[in-house]
Amino acid sequence: MIKVGIPRGLFYFYYYPLWKTFFENLGAEVVTSSETNNKIVSQGIDIAVDETCFPVKVYYGHVNQLCNENIDYIFIPRIVSVELRSYICPKFMGIPDMIRASFNNLPYVIDITIDLSRNNKELKKEIIKVGQLFTSNKKAINNAYQNAIIEQKRFNQISKEGYTLDEAIKLWEGLKIKLNTKNDLKIGVFGHGYSIYDQAISMNIINKLREMECQAYIPEMLDKKIIEKEASTLPKRVFWTIGRKMVGGALHMDKRTDIDGIIYVSCFGCGPDSIVGEVIERKVKNKPFMLITVDEHTGEAGLVTRLEAFCDMLRRRKSNNESNISAHG
Amino acid sequence: MKVTFPHMGNSYIAIKALLKGLKLEVVVPPPISNKTYELGVKNSPEFACLPLKLNMGNFIEALDQGADTIVMAGGWGPCRFGYYAQVERDILRDLGYDFDIYILESPDSKLTELILQLKDLGQNVSLAEALKALRFAWIKLKAVEQMEKKLEYYLPRSLDKDKTEKIYEKSLKDIDDANNKREINQILKSSIKQIESIECTNDKILKVGLIGEIYTILEPASNVNIVKTLGRLGVEITRSTYLTDWINDHILGGYIKKSNHKNIIKCAKPYVNYWVGGHGRETIGYAVHFAKQKYDGLIQIGPLTCMPEIVAQSILGKVGEEKEIPHMTIYFDEQSGSAGINTRLEAFVDMIQRNDSFVLKEDAKSEILSWS
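Since we're looking at a predicted model, the values are computed, not measured. The written sequence of each chain sets the order in which its residues are numbered from 1. For naming, the first written chain is A and the first written ligand is 1, with later ones following in the order written. Restriction of local features to residues with pLDDT of at least 70 applies here, the model being predicted, together with a cutoff of 80 or more for giving and counting side-chain atom pairs; totals for whole chains, interfaces and linings are based on all residues. Side-chain metrics in this entry use all non-hydrogen atoms of the structure; hydrogen atoms and water are not considered.

**Student:** Tell me about the sheet that holds strand S1 (residues 2–4) of chain B, residues and numbers included.
**Tutor:** Residue and element names in this part refer to chain B. Criterion used throughout: strands pair if DSSP finds at least two bridges between them. By definition, any uninterrupted DSSP run of H or I lasting at least four residues is a helix, any uninterrupted run of E lasting at least two residues is a strand, and each is numbered from the N terminus. One open sheet holds the four strands; their spatial order is S2-S1-S3-S4, and the pairing between them is parallel. Each of the sheet's edge strands pairs with one partner strand only, and the pair in question is strand S2 (25–26) and strand S4 (100–104). Of the strand pairs in this sheet, S1 and strand S3 (residues 69–73) are connected by two bridges, and their pairing is parallel. Bridging across to S3, Thr4 finds its partner in Ile70. Of the strands in this sheet, S3 and S4 touch helix H5 (residues 111–121), which is tilted by about 165° from S4. Residue contacts are defined here by distance: any two heavy atoms, one from each residue, within 4.5 Å place the two residues in contact. A fitted line through C-alpha atoms serves as each axis, taken over the contacting stretch for helices, and the angle formed by two N-to-C directions is quoted from 0 to 180°.

**Student:** So, the UniProt feature "domain: DUF2229" (unreviewed entry) in chain B: which residues are in play, and what are the values?
**Tutor:** UniProt positions are given in the numbering used here, feature names are shortened, and annotations may be inferred rather than shown by experiment. UniProt annotation of "domain: DUF2229" (unreviewed entry) refers to residues 8–71 of chain B when read in the numbering used here. From the first C-alpha to the last, residues 8–71 of chain B spans 13 Å; its make-up is 55% helix and 8% strand.

**Student:** Explain helix H7 (residues 161–177) of chain B residue by residue, including any values.
**Tutor:** Every helix has an expected span of 1.5 Å times one less than the residues it contains. An ideal rise of 1.5 Å per residue puts 24 Å on 17 residues; H7(B) measures up with 25 Å between its terminal C-alpha atoms. Only protein chains enter the accessibility calculation, which uses a 1.4 Å probe. A residue is then buried if its area is under 20% of the maximum for its type, exposed if over 50%, and partly exposed in between. Taken together, the buried positions of H7(B) are B:Lys161, B:Thr164, B:Glu165, B:Ile167, B:Tyr168, B:Ser171, B:Leu172, B:Ile175 and B:Asp176.

**Student:** Could you give me a rundown of the pattern of salt bridges, with the residues and numbers involved?
**Tutor:** Residues and elements named next belong to chain A. By salt bridge we mean one thing: a side-chain nitrogen of Lys or Arg within 4 Å of a carboxyl oxygen of Asp or Glu. Tallying each qualifying case throughout the model produces 41 salt bridges over all chains. Here Arg244 makes a salt bridge to Glu228, at a shortest N to O gap of 3.3 Å. Of this pair, Arg244 sits in helix H11 (residues 241–255) while Glu228 sits in helix H10 (residues 224–231), and the two are 16 residues apart along the sequence. When its relative accessible area of 31% is taken as the criterion, Glu228 is described as partly exposed. Residue Glu278 pairs with Arg282 through a salt bridge whose shortest N-O separation is 2.6 Å. You can see Glu278 and its partner Arg282 sitting in helix H12 (residues 271–283), four residues apart, about one turn around the helix. Each of Arg78, Asp97, Arg100 and Asp111 takes part in one network of salt bridges that share partners.

**Student:** Report on the domain arrangement of chain A, specifying residues and quantitative values.
**Tutor:** Residues and elements named next belong to chain A. Note that the domain bounds were set by an automatic or database domain assignment. When the domains of chain A are assigned, the result is domain 1 (3–161) and domain 2 (182–320). Listed per partner, the contact involves 24 residues of domain 1 and 25 residues of domain 2. Summing the contributions of domain 1 and of domain 2, the shared interface buries around 2100 Å²; its carbon and sulfur component is 59%. Put simply, domain 1 and domain 2 have three salt bridges between them. What gets called buried area is simply the loss in accessible area from a 1.4 Å probe that two parts show on being joined, summed for both.

**Student:** Lay out the sheet that holds strand S10 (residues 289–294) of chain A with the relevant residues and their values.
**Tutor:** All names here are of chain A. In spatial order, the strands read S8-S7-S9-S10; together these four strands make up an open sheet with parallel pairing. Only two strands of the sheet have a single partner each, and these edge strands are strand S8 (214–217) and S10. Between one strand axis and the next, the sheet turns by 25° as a mean value, whatever way the strands run. Here six bridges tie strand S9 (residues 261–267) to S10, and the two strands are oriented parallel to one another. Bridge assignment links Ile263 to a residue of S10, and that residue is Met290. Sitting on the sheet, H11 is in contact with strand S7 (185–190), S8 and S9, with an inclination near 160° to S7. Against the sheet, helix H13 (residues 300–319) engages S7, S8, S9 and S10, with an angle of about 175° to S10.

**Student:** Which residues make up the state of the cysteines, and what values go with them?
**Tutor:** Each disulfide consists of one covalent bond between the sulfur atoms belonging to two cysteines. Residue and element names in this part refer to chain A. The disulfide criterion is simple: two cysteine sulfur atoms within 2.5 Å. For the structure shown, the criterion picks out zero disulfides over all chains. No disulfide involves Cys89; its sulfur sits 6.3 Å from that of Cys53, the nearest cysteine. On the basis of relative accessibility, which here comes to 7%, the residue Cys89 falls in the buried class.

**Student:** Explain the interface of chain A and chain B residue by residue, including any values.
**Tutor:** Each partner contributes to the interface: chain A provides 39 residues, whereas chain B provides 38 residues. Summing both partners gives a buried area of about 3400 Å² for chain A against chain B, and 69% of it is carried by carbon and sulfur. Taken together, the connections running from chain A to chain B amount to two salt bridges. Side-chain atoms alone can form a polar contact between residues adjacent in sequence; in general such a contact is a pair of N or O atoms within 3.5 Å, and within protein one must be able to donate a hydrogen while the other accepts it. Scanning the region where chain A abuts chain B turns up nine residue pairs in polar contact (both at pLDDT 80 or more). For the side of chain A that touches chain B, the leading source of residues is helix H4 (residues 90–102) of chain A, giving nine residues. In this classification, the charged set is Asp, Glu, Lys and Arg, the nonpolar set is Ala, Val, Leu, Ile, Met, Phe, Trp, Tyr, Cys and Pro, and all remaining amino acids, among them Gly, are polar. Residue composition of the side of chain A that touches chain B, by class: 18 nonpolar, nine polar and 12 charged.

Following this line, the structure appears as C-alpha cells:
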C-alpha cells in the first residue's frame, strides 16, 4: 500500500481529518509522526535556521522523523490562504521550499498550493493533481474529497464542545476523553492552534489550567459569526485568518460576564502575533489579561508560577468582589 | 496643516518635493538618531520589527516639532507592514497626541487610484498640479538614486574616501534644495564630475550583492550604514532594491522602463516557487541572479523576525551551496551594535578575498563556502 506521511505540526491541528480521509479514500495509508517530544524538538532546532519561530522548528523535527520512516510521499501543503483576502503567515507560503532546501533525504513531496485569497478555482485543480498520484479516476478523487469535507465538518463539531483541537482529533479517531468538569474559573485562552494545542510547544498550558480547576475557553468554541462581527469593529480588517479570529474572540470575551480572564500565548518571533497581541492588549479593557511568550528555552516551572499567580489573582478578585480593581496590574 | 511621514533612506527628498507640490506644509522628521531609536523602542510593541519602531520614533519627533498630520502607506498582507499604520495610530493617540492620519492603502493597486488619493490629500490642487508634483518628485528620486549608485561604485575605488562621501552628502543636500529640473541636472553634472575626478585604486574590487528586506536595505540608520562600511573595506555592493525600480515594478507596472522583475522571479525557481510575501522571493531571485553574474559574495539583511526574509534565509544556504557563492545573513534590531556587525563584515570580506585569490581544492572550498 502507498504510504503518505503527514507531519504532526502546524496545520495538522486544523485539517488532519480532512487530509487523512482524503488520502485513505484514495487507497493510501496515512502515517503521522509521533507527538512532539524532546527528540523532535532538538532535531528541529538543529535543522531549521535560528531565527524562525518555534512551531516551524518543531515542524522540521516532525519532517525529519518521517524521513527516516519508510514512506512514499510526504504531505507538506503550501497554505497561502484559506479564505478571501486573508493570509496565514509568509512562512506557511514558503514551507515546502524551506523544507526542500534543508533536507537531502526527502521522499516525494506533495506540495499542493492552497490559495483562496482571490477565488477557489485553483483549489479544485490542485486537488485533482494530488489525487492523480493515486488514481486516474477523477470521479473517485472528487468522491474522496467530498468524504473528506464531511469528516472535517464532523471534527469541527467535536471541537466546538470545549475540547482542544488535539483532543478533538483523538475523539474523531474514536478514542474517549473525559474532561475534568470541576472548575470555578473560566479563562479565555488564545494563540495559534499549532502552538497552544501542541503539548510540547505550549507546555500543555490548557491541561495545566484544568488541573488548577479552570475551564479553558478556546476560540474554537465560539461561533464564526460572532468572531467576525467583533473583529469587524476594528477600523481596518485584520488580514491574517488566525489573527482575526484571535482579535474577534478576545473582544467578544472581554464583554462576557462569565469569563474571568484572558491569556494570550504567543511564540517568540511570531510576526502576526507581535501586531495582533498589541491590538488585543489595547482593546481588552474589562478583563485581566496576560501575555505569555514561549520558545524552546521556556522553562515549565516559570510557566506554572505565572499561571498560578494569574489564577490566584482572578479568584481573589472574584471572592472579594474586587472587580473595581484595575485589570492592568 | 503640517504634514509628516516616516523616513526610509533618502526617499524623504522626493516625498518632501511631492507634498510641497501638493501645497502642503511639510515637517520632515529629524534624521534617525539614538533618540529616535529610544523613543521608538519605548513606545512600540516589544516584538514588532525594527521599521515599525523607527516609524514611531520619526512620528513622535515630528509631532513634537509641530506636525499635525501623518501620511503613511498601508497594504493587505501577509507582511506585517500592512497593519503598521493602524497600530501606530492607536499608540500615538494613547500617548495623547492630536493628529490626523492619511493612509495610502494598497500600494500595489492602480496608479490612477494613488494619484486621486494624493490629489485628495493636497490643499485645493488640480489634477494637473498633482501630476506635476509627482513628476518633479520622480525626477528628484532618480537624481538621488544616481548619486547613490555613484557612491556605491566610487567609494571602494577612491583613494580619498572622506572626500567621496562629502561630495555625495553635499549633492543630496543640493538636490533637496533644488527648485526645478534644470538645477537638478546641473547639480548632478558637477557632483559626478567631482566624484569621478578623485584618484582611484588599481586593485581588483570585490563585488557583493546586498539582498533582503526593502526598508533595511534603503535606510542606512537601520543597517549601521552597511553600504559605506563595505565601501570603506573596498567592496562594491549592488543592492537588490532600488526605489525607482520598485516603484516602476509595483506601482507603474513596468510602464517607465523595462522591468527586470519577471526575470528575477524566474531566477528564484526552483528554490522558491510561490510568492511568500514581502521580498522573500526576490531575495532568492537576486541571490541566483548575482551568482550568475559571478559576484564574490552575498549579504542578506533584514529586520529581526522578518517573516519573508526567514523563508529566504532558510533557502539561501542551498542556493549558496549549489551556485557556489559565499553568503551571510544579518538581522538588525535595536540591539545591533556597529562594532559587532563591523567585525562580522570584515571577517566576511577577508573570507571572500581569500576565496578569490586562491585556487582552492574542492574539499577546502566547501569548508569555506559553508560560512554564514
